[in-house]
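So the chains spell out like this:
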Amino acid sequence: MTNADILIHNGTILTMGSQNKIISEGMLAISGNTICYIGKNEKGSIRAKRELDAQGGLILPGLINGHTHAAMSLFRGLADDLPLMEWLNNYIFPVEGKMDADFVRIGTLLACAEMILSGTTTFCDMYLFEEEVARAAKEAGMRSVVGEVIYDFPSPNYGILEEGFIYTEGLIERWKKDPLVNIAVEPHALFTCGEELLIRANDLALKKGVPLIIHVSETKEEVKQIKEKFGKRPVQHLKDLGLLGSHLILDHCVHINKSEMELLAESNVCVVHNPESNMKLAAGIAPVPEMIAKGITVGLGTDGCASNNNLDLFGEMGMAAKLHKVNKLDPTVMNAQTLMKMATIDGAKVLGLEKITGSLEVGKRADLIVVDTNQPHLVPMYNPYSHLVYAASGHDVKHSIIDGTIVMEDRELLTLDVEDIIERSKEKSKKVKEWVIMGRG
Ligand SMILES: [Zn+2]
């Protein structure tokens, strides 16, 4: 008899590991923050302090949101159906200019509640006041990669650019030993960051051994701007500045061509695909099947709530699959299993966390969710990947464990006071309304 801290039994386990094993009538045991057993149900063989009955449901790795701006949850539905520049200039930038640390803290807690409730266990954030994001994520018990957005103009958080680098170095130092929080260097985009900033950000990321994350080629207009300014396409610009490498993560890559894909593939640069945001802002359709075929690792993200408008990765998976099918008029171009990989193990590879999360394997950290399949819309079940991508939603996630801690049990959040967060979020929305009116003069 072996001892463990938590035992989850009576479920079908989707490991998402290299062999993609599916174990029916399986059980999984956790010791501390680590998975110590995965196999067939033999309940008598392991004694655990806590037991969770999966009730015939699915046990799978927690989902990984590869790109978001968590605190933008407070801007959900503030302004929709507008041209990108009008949306940014008249709504998003004016309100972002007014916000403070507490605003970002409440918005991030709200986002963490939504993410845990919809099966996400790791997220990668880019925003302002990221110290608050790191703290909120830690309080929620979520695994995170966070980085302060830096650009050439002054920030409402740190002020002038020089301070942005000092702030980022401070984040790296303060959180370097944390088991859940990881820091990245995050210049905003090629049209907001000059060459000097980009080279310096890259040097810092390489020196500290952390990822470098940037929005690239989200819109046609952006590619046009870069070509006009530098006489080359965005990925070539990154290459000439010496930024391409396995530490680099590109968000979006909607408008990239074949030779750019080849450059990314040969330099092991990873990409995060954000289909719903790209659709809602009418940015375009990223060539994801082509990128995957070239050997680029592609993860999945929701982007911020203001351009999505939710953080549910189940919806994102289904939408991504259907978007690429209809784009190519070919239903075989992306399948459910590929989407599941993007939202789990490939998402972990993108963030450089594949040794600790993204699949269920003995020795890895216990980041996992249990999906309740005993519901009319999930019965019968011939193929679990199909249900997760095409039929399930975040509401079907019953339990969630992150780093060996139960953060949600029977849909009740154990780390966060949801009622309090909802109340505070409503308070913040009153401020947002005032800021929008002020911004219009
Ligand atoms: Zn973004």
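Structure shown above.
Residues numbered from 1 in each chain as written. Predicted model: local features only at pLDDT ≥ 70, side-chain atom pairs only at ≥ 80, totals over all residues. Heavy atoms only, no water.

## Some points on the overall build of the protein chain
Line of reasoning, step 1. From N to C terminus, the protein chain includes 15 helices and 18 strands.
Line of reasoning, step 2. Taken over the C-alpha atoms alone, the protein chain extends approximately 65 × 45 × 40 Å along its principal axes.
Line of reasoning, step 3. By element, 51% of the accessible surface of the protein chain is carried by carbon and sulfur atoms, the whole surface being about 17300 Å².
Line of reasoning, step 4. Between the averaged position of the 45 positive side-chain charges in the protein chain and that of its 59 negative side-chain charges there is a distance of 3 Å. (Helix = DSSP H or I, 4+ residues; strand = E, 2+ residues; numbered from the N terminus. Areas by Shrake-Rupley, 256 points an atom, 1.4 Å probe, with all protein chains shown as cover. Lys, Arg positive; Asp, Glu negative; His and termini not counted. Charge placed at Lys NZ, Arg CZ, Asp CG, Glu CD.)

## Observations regarding the side chain of Glu-218
Line of reasoning, step 1. Position of Glu-218 relative to the elements: it lies in the loop between strand S11 (212–216) and helix H6 (220–230).
Line of reasoning, step 2. Apart from the residues lying within four places of it in its own chain, the contact partners of Glu-218 are His-252, Val-254, His-255, Asn-278, Leu-281, Ala-283 and Asp-303. (Contact = heavy atoms within 4.5 Å.)

## Here we look at the coordination of the zinc ion
Line of reasoning, step 1. Of the protein atoms, only His-67 (NE2), His-69 (NE2), His-215 (NE2) and Asp-303 (OD) coordinate the zinc ion, at distances of 2.1 to 2.4 Å.
Line of reasoning, step 2. For the zinc ion, the 4 donor atoms in the first shell make angles of 83 to 172 degrees at the metal, a pattern classed as irregular.
Line of reasoning, step 3. Along the chain, the residues donating to the zinc ion fall in the pattern H-x1-H-x145-H-x87-D. With His-69 in the loop between strand S6 (63–68) and helix H1 (84–98) and Asp-303 in the loop between strand S14 (298–300) and helix H11 (313–328), the pair connects residues that are 234 residues apart, well separated along the chain.
Line of reasoning, step 4. Overall, His-69 belongs to the buried group, its relative accessible area being 9%.
Line of reasoning, step 5. Relative accessible area serves as the criterion here: at 4%, Asp-303 is assigned to the buried category. (Donors = N, O, S within 2.8 Å, 3.2 Å for Na, K, Ca; no water. Tetrahedral: all angles 85-135°; square planar, octahedral: opposite > 155°, others 65-115°. Buried < 20%, exposed > 50% of the residue type's maximum accessible area, 1.4 Å probe, protein only.)

## Observations concerning helix H4 (residues 161–175)
Line of reasoning, step 1. Between its first and last C-alpha, H4 extends 21 Å over 15 residues, near the 21 Å set by a 1.5 Å rise per residue.
Line of reasoning, step 2. At its buried positions, H4 is contacted by helix H3 (130–140), strand S8 (143–150), strand S9 (181–183) and helix H5 (195–208). (Expected span 1.5 Å × (residues − 1).)

## Concerning helix H8 (residues 258–266)
Line of reasoning, step 1. Those residues of H8 not exposed but buried are Glu-260, Met-261, Leu-263 and Leu-264. Buried residues of H8, viewed axially, fall in a sector of 160 degrees; they line one side. Residues of H8 that are exposed and point more than 90 degrees away from the buried face comprise Lys-258 and Glu-266.
Line of reasoning, step 2. Those residues of H8 that are buried are in contact with helix H7 (234–240), strand S12 (248–252), strand S13 (270–273) and helix H10 (288–293).
Line of reasoning, step 3. At the C-terminal side of H8, Asn-268 shows a positive phi close to 60 degrees. (Arc of directions from axis to C-beta.)

## Overview of the sheet that holds S12
Line of reasoning, step 1. Reading across from one edge, S11-S12-S13-S14 is the order of the 4 strands in this open sheet, with parallel pairing throughout. One side of each edge strand has no neighbouring strand; the edge strands of this open sheet are S11 and S14. Each strand axis lies, on average, 30 degrees off the axis of its neighbour in the sheet, ignoring direction.
Line of reasoning, step 2. When S12 meets S13, the two strands line up parallel, connected through 3 bridges. Pairing of Leu-250 across the sheet is with Val-271, part of S13. (Pairing = 2+ DSSP bridges. Axes fitted to C-alpha atoms, helices over the stretch in contact; angles between N-to-C directions.)

## Observations concerning the packing of aromatic side chains
Two aromatic rings, taken as a pair, are described by how far apart their centres are and by the angle between their planes.
Line of reasoning, step 1. Tallied over the entire structure, the rule returns 3 aromatic pairs.
Line of reasoning, step 2. Geometrically, the ring pair formed by Tyr-151 and Phe-153 is stacked, given 4.2 Å between the ring centres and 20 degrees between the ring planes.
Line of reasoning, step 3. You can call Tyr-151 buried: its relative accessible area is 10%.
Line of reasoning, step 4. Directly above the aromatic system of Phe-165 lies the positively charged group of Arg-200, at a separation of 4.2 Å from the ring centroid. (Phe/Tyr/Trp six-rings, centres within 6.5 Å; stacked < 30°, edge-to-face > 60°. Lys NZ or Arg CZ within 6 Å of the ring centre and 35° of its normal.)

## What to know about the nonpolar core
Line of reasoning, step 1. Core analysis: the biggest nonpolar cluster contains 128 residues, and Phe-75, Leu-250, Leu-264 and Met-291 have the highest contact counts within it.
Line of reasoning, step 2. Broken down by element, this core gets its largest block of residues, 9 residues, from helix H2 (residues 101–117).
Line of reasoning, step 3. Leave out the neighbours within four places in its chain, and Leu-250 touches Ile-214, Val-216, Leu-238, Leu-264, Val-269, Cys-270, Val-271 and Val-272.
Line of reasoning, step 4. One finds Ile-6, Ile-13, Ile-38 and Ala-366 within the second-largest nonpolar core, a separate group that totals 17 residues. (Core = buried A, V, L, I, M, F, W, Y, C linked by side-chain atoms within 4.5 Å.)

## Let's talk about empty space enclosed by the protein
The gaps of empty space that remain are located by a probe, the size of a water molecule, rolled over the atoms.
Line of reasoning, step 1. This structure, assessed with the given rule, holds 1 cavity of 30 Å³ or more.
Line of reasoning, step 2. Counted as a void, the largest cavity has a volume near 50 Å³.
Line of reasoning, step 3. Along its surface, the largest cavity is lined by Ala-79, Asp-80, Asp-81, Leu-82, Trp-87, Lys-280 and Leu-281.
Line of reasoning, step 4. Residue composition of the lining of the largest cavity, by class: 4 nonpolar, no polar and 3 charged. (1 Å grid on protein atoms, 1.4 Å probe; cavity = no way out; pocket = protein on both sides within 12 Å on 5 of 7 lines; lining within 4 Å. Points joined across faces, edges and corners; volume = space filled by probe spheres on them. Nonpolar A, V, L, I, M, F, W, Y, C, P; charged D, E, K, R; others polar.)

## Some words on unusual backbone geometry
Line of reasoning, step 1. Cis geometry is found at the peptide bond from Asn-308 to Asn-309, where omega equals 5 degrees.
Line of reasoning, step 2. Its location among the elements puts Asn-309 in the loop between S14 and H11.
Line of reasoning, step 3. Note that the residue after Val-379, namely Pro-380, is joined by a cis bond; omega there is -5 degrees.
Line of reasoning, step 4. Tracing the chain through its elements places Pro-380 in the loop between strand S15 (368–371) and helix H14 (384–391).

## A few points about the pattern of salt bridges
Oppositely charged side chains can form a pair if their charged atoms are brought close together.
Line of reasoning, step 1. In this structure the tally under the stated criterion is 26 salt bridges.
Line of reasoning, step 2. Its salt-bridge partner being Arg-135, residue Glu-132 comes within 3.4 Å of it at the nearest N-O pair. With a gap of 3 residues between them, Glu-132 and Arg-135 both fall in helix H3, about one helical turn apart.
Line of reasoning, step 3. The exposure class assigned to Glu-132 is buried, which follows from its relative accessible area of 14%.
Line of reasoning, step 4. Here Arg-135 falls in the partly exposed class, since its relative accessible area comes to 43%.
Line of reasoning, step 5. Of the charged contacts in the structure, one is a salt bridge between Glu-262 and Lys-294, with a shortest N-O distance of 3.5 Å. On the criterion of sequence distance, the pair formed by Glu-262 in helix H8 and Lys-294 in the loop between H10 and S14 is long-range, its members being 32 residues apart.
Line of reasoning, step 6. Taking relative accessible area as the criterion, Glu-262 reaches 37% and is therefore assigned partly exposed.
Line of reasoning, step 7. On the accessibility criterion, Lys-294 (30% relative accessible area) is partly exposed.
Line of reasoning, step 8. Via salt bridges that share partners, Glu-131, Glu-132, Arg-135 and Arg-174 belong to a single interconnected network. (Salt bridge = Lys/Arg side-chain N within 4 Å of Asp/Glu carboxyl O.)

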